[in-house]
Amino acid sequence: MSIWTAKGTLAEAYWNTGRANIPVYDMHGHMGAHGQIYFKRSDTGAMIAHLKKAGITKLAFSHHHSLWTPDFSNREVFEITRRHPDILRMYVGVNPNHPDRVIEDVKSFDRWTPAAIGFKFLSAYHQKKITDKGYEPALKFADERKLPILLHTWGGDRFVPIDLMIETAQKYPNAIFFMGHSFRADWDGVARLHRACPDNVYFELTSIPGTSGMVEKLVELVGSERLLYGTDLPWFDEFQGIGGIVSARISENDMHNILYRNIDNLLGKDW
Ligand SMILES: [Zn+2]
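Here's a quick rundown of the structure. Along each chain, numbering runs from 1 in the same order as the chain's sequence is written. Only residues with pLDDT of 70 or above have their local features reported here, since the model is predicted, and side-chain atom pairs are shown and tallied only from 80 upward, although totals for entire chains, interfaces and linings are computed over all residues. For the side-chain quantities, the full set of heavy atoms in the structure was used; hydrogens and water were omitted.

A count of helices and strands for the protein gives 12 helices and 8 strands. Taking 2.2 N^0.38 as the reference for a compact globule, 271 residues should give roughly 18 Å; the C-alpha atoms of the protein span a radius of gyration of 18 Å, in line with that estimate. Each of the three principal axes of the protein carries a C-alpha extent, and together these read 60 × 40 × 35 Å. For the exposure calls, accessible area comes from a 1.4 Å probe over protein chains only, and a residue counts as buried if that area is under 20% of its type's maximum, exposed if over 50%, partly exposed in between. The burial tally for the protein puts 58% of its 271 residues in the buried class. In the protein, once contacts between residues fewer than 6 apart in sequence are set aside, the share between residues at least 24 apart is 76%. Only the protein chains shown count as covering a residue, and every accessible area follows the Shrake-Rupley method with a 1.4 Å probe. Of the accessible surface of the protein, which amounts to about 11600 Å², a share of 51% is contributed by carbon and sulfur atoms. A gap of 2 Å separates the mean positions of the 31 positive and 32 negative side-chain charges of the protein. Each helix is a run of H or I in the DSSP string that is no shorter than four residues. Each strand is a run of E no shorter than two, and both are numbered from the N terminus. Computation of the radius of gyration draws on C-alpha atoms alone. For the globule rule, the value is 2.2 Å times the number of residues to the power 0.38. Contacts are assigned to residue pairs with any non-hydrogen atoms lying within 4.5 Å of each other. Note that His is not counted, nor are the chain ends; the positive residues are Lys and Arg, and the negative ones are Asp and Glu. Charge positions are represented by NZ for Lys, CZ for Arg, CG for Asp and CD for Glu.

See below:
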């Protein structure tokens, strides 16, 4: 019998039924078409159908268009999100190339809760460093309200380099930073950032589950209490993501932490 089908484990349940039978929060989603990639499930209805099929309890997402198309506003994303309060939560997309829009969106934030839970920064795409002035209103607001900010990060990231991330997380100690993609494979950087900012920096796993040994490596480096599940839906698939977590060589306690417990502790069970 392989370790993945040992009786009574999450892996056994998942491999046999395609359901983990525990809460699962996907903390890194998107929505909407993308000009250069065909996504089978990028509209709201198809995404929600997939989330339900895969047993996802909630998805926190930022709409592609709110990040890339200045005339598609976060208010429109709020209108979508509030129609699905049982399963969708939004990150307010922040594009520092439109600083007036950022200021307006921060002012609107309170009207968008509880649908809105925080902000999304996409620094590498917007070609602005995390220390750019355009981010400041969102950073200050997140710090005041203890809100999460999901960032896109990658190994060797020029726009969110480890040193500037440490500086930012220390400057805004009450904001909660989710490192999307966990600086993929920059293990030294991950360890250094975690040592410098052990309390308000979390590492998010989009694109990592299923790559042999990487979930295990991150658990070893920062502990499962600092890891979050995510998929970039519709970029990656929920079944692959959850399957990669429950099949990793980590403890079941680690899996519970990653899939939902850390978020329950951060945002409360009714977020
Ligand atoms: Zn993303």
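Further notes follow.
What follows is about the nonpolar core. Side-chain atoms within 4.5 Å are what join buried Ala, Val, Leu, Ile, Met, Phe, Trp, Tyr and Cys residues into a set we call a nonpolar core. Counting 86 residues, the largest nonpolar core has Phe-119, Phe-121, Phe-177 and Leu-193 as the members making the most contacts within it. Leaving out residues up to four positions away in the same chain, Phe-177 has contacts with Leu-139, Ile-149, Leu-151, Met-165, Thr-168, Ala-169, Tyr-172, Asn-200, Val-201 and Tyr-202.

Okay, the packing of helix H1 (residues 10–17) against helix H11 (residues 238–246) next. Helix-helix packing is characterised by the crossing angle of the two axes and by the distance between the axes. Two numbers describe how H1 lies on H11: the axes approach to 9 Å, and their chain directions differ by 150 degrees. Classified by the angle between their axes, H1 and H11 sit roughly antiparallel to one another. Crossing handedness for the pair H1 and H11: left-handed. Residues Leu-10, Ala-11 and Tyr-14 of H1 lie in contact with H11, whose contacting residues are Glu-238, Phe-239, Ile-242, Gly-243 and Val-246. Across the contact of H1 with H11, the residue classes break down as 6 nonpolar, 1 polar and 1 charged. Helix axes are fitted only over the stretch in contact, all axes being lines through C-alpha atoms; the angle between N-to-C directions runs from 0 to 180 degrees. We call two directions roughly parallel when the angle between them is under 35 degrees, roughly antiparallel when it is over 145, roughly perpendicular when it lies between 65 and 115, and oblique otherwise. Crossings are assigned a handedness: left-handed for a near helix turned anticlockwise from the far helix by less than a right angle, right-handed for a clockwise turn. Residue polarity is assigned by list, with Asp, Glu, Lys and Arg as charged and Ala, Val, Leu, Ile, Met, Phe, Trp, Tyr, Cys and Pro as nonpolar; anything else, Gly included, falls into the polar class.

For strand E1 (residues 25–29), the buried fraction is high: 5 of the 5 residues fall into the buried class. Two strands form a pair only when DSSP identifies at least two bridges running between them. Pairing of E1 with strand E2 (residues 58–61) involves 3 bridges; the strand directions are parallel. Paired with Tyr-25 across the two strands is Lys-58, which belongs to E2. The handedness of a crossover follows from its direction of travel: if, with the strands pointing away from the viewer, the path from the first strand over the helix to the second runs clockwise, the crossover is right-handed. Since E1 and E2 lie parallel, the crossover through helix H2 (residues 44–53) that links them has a hand, and here it is right-handed.

For a metal with four tetrahedral donors the ideal donor-metal-donor angle is 109.5 degrees, whereas six octahedral donors ideally subtend 90 or 180 degrees. Nitrogen, oxygen and sulfur within 2.8 Å of a metal are treated as its donors, or within 3.2 Å for sodium, potassium and calcium (Na, K, Ca); water is not counted, so a site can appear incomplete. The protein atoms donating to the zinc ion are His-28 (NE2), His-30 (NE2) and Asp-232 (OD), with metal-donor distances spanning 2.0 to 2.2 Å. All donors of the zinc ion come from a single chain, and their spacing in sequence reads H-x1-H-x201-D. With a gap of 204 residues between them, His-28 in strand E1 and Asp-232 in the loop between strand E8 (227–228) and H11 connect regions that are remote in the sequence.

It is worth spelling out the side chain of Thr-44 at this point. Looking at where Thr-44 falls in the secondary structure, it is placed in helix H2. Among residues more than four places away in sequence, those in contact with Thr-44 are Met-31, Ile-80, His-84 and Leu-88.

What you tend to see is this: most non-glycine residues have negative phi, and most peptide bonds are trans. Residue Pro-114 follows Thr-113 across a cis peptide bond; omega there is 0 degrees. You can see Pro-114 is positioned in the loop between helix H5 (99–112) and strand E4 (116–121). Here the bond from Leu-233 into Pro-234 is cis, since omega is 10 degrees, no more than 30 degrees from zero. Within the secondary structure, Pro-234 is located in the loop between E8 and H11. Phi at Gln-127 is positive, roughly 60 degrees, even though this residue is not glycine. Take Gln-127: it is sitting in the loop between helix H6 (123–126) and helix H7 (136–145).

Moving on, we get to the pairing of E2. By the alternation rule, side chains of E2 split into Lys-58 and Ala-60 and Leu-59 and Phe-61, which are all buried. Pairing geometry for E2 and strand E3 (residues 88–94), over 3 bridges, is parallel. Within E3, the position partnered with Ala-60 by the bridge is Arg-89.

What follows concerns helix H10 (residues 214–222). Three or four residues apart is the spacing at which side chains of an α-helix point the same way, because the helix has 3.6 residues per turn. Taken as a whole, H10 has its buried residues at Met-214, Val-215, Leu-218, Val-219 and Val-222. Taken down its axis, H10 places every buried residue within 140 degrees of arc, on the same side. Following H10 by one or two positions, Gly-223 adopts a phi angle in the positive range, close to 85 degrees. This arc is taken over the directions from the axis of the helix to the C-beta atoms.

Any functional reading would require information that these geometric values do not contain.
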